[in-house]
Amino acid sequence: MLFHVRMDVRLPSDMDPSVRADIVAREKAYSQQLQREGKWPHLWRIVGEYSNISIFDVGSNDELHELLSGLPLFPYMDIRVMPLATHPSKVS
Ligand SMILES: O=C(O)CC1=CCC(=O)O1
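For clarity, every value in this text was computed on a predicted model and none was experimentally measured.

(A) Representation of a nonpolar patch on the surface within the structure. A contiguous nonpolar surface patch, about 260 Å² in accessible area, is contributed by Leu2, Met82 and Leu84. Within the secondary structure, Leu2 sits in strand β1 (residues 2–9).

If you want it as structure tokens, here you go:
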């Protein structure tokens with residue numbers, strides 16, 4: 001199952017820089033593991049924003065929720081999920 005996910009990062013401006021660096025490093029490691037597993041095949045920066053557009057390829061809504069809620073940045077992000085279905089005009 002494919003999902004289009006937008007993540008807007010909202011880190012507090014007064015967050016300790018070392019805490020911030022640790023969360024961002026853990027986020028990178030977590031996301032790169034999921035990319036290697038094929039569950040996170042697209043990760044794109046939105047130009048000019050601390051936001052990304054991602055495509056997840058997972059088995060269920062529950063799996064996606066588990067993966068997203070495990071993100072180290074999860075407490076600091078607004079996340080919007082769009083489940084994707086096959087378009088009838090798509091050439092296969
Ligand atoms: O910087 C972001 O967009 C948040 C994020 C998601 C995966 C990652 O490594 O950073």
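(B) Spatial organisation of the nonpolar core. Formed by 17 residues in total, the largest nonpolar core has its most connected members in Val5, Met7, Phe56, Leu64 and Leu68. Among the elements of the structure, β1, α1 (17–36) and α2 (61–69) are those that each provide at least two residues to this core. With residues near it in sequence (within four places) discarded, Phe56 still touches Met1, Leu2, Phe3, Val5, Met7, Lys39, Trp40, Pro41, Leu64 and Leu68.

(C) Looking closely at the site of the ligand. Near the ligand the following residues occur: Val9, Glu27, Lys28, Ser31, Trp40, Arg45, Tyr50, Asn52 and Leu73. At 2.8 Å, a side-chain N or O of Asn52 approaches an oxygen atom of the ligand. Within the complex, the protein chains bury 88% of what would otherwise be the 280 Å² of accessible surface of the ligand. Of the residues forming the shell around the ligand, the biggest block, three residues, is contributed by α1.

Reading guide: rules and limits
- Residues numbered from 1 in each chain as written.
- Predicted model: local features only at pLDDT ≥ 70, side-chain atom pairs only at ≥ 80, totals over all residues.
- Heavy atoms only, no water.
- Patch = residues over 30% accessible without salt bridge, like charges linked within 9 Å, V, L, I, M, F, W, Y side chains within 5 Å.
- Areas by Shrake-Rupley, 256 points an atom, 1.4 Å probe, with all protein chains shown as cover.
- Salt bridge = Lys/Arg side-chain N within 4 Å of Asp/Glu carboxyl O.
- Helix = DSSP H or I, 4+ residues; strand = E, 2+ residues; numbered from the N terminus.
- Core = buried A, V, L, I, M, F, W, Y, C linked by side-chain atoms within 4.5 Å.
- Buried < 20%, exposed > 50% of the residue type's maximum accessible area, 1.4 Å probe, protein only.
- Contact = heavy atoms within 4.5 Å.
- Near = heavy atom within 4 Å.
- Polar contact = N/O pair within 3.5 Å; in protein donor to acceptor, adjacent residues only side chain to side chain.

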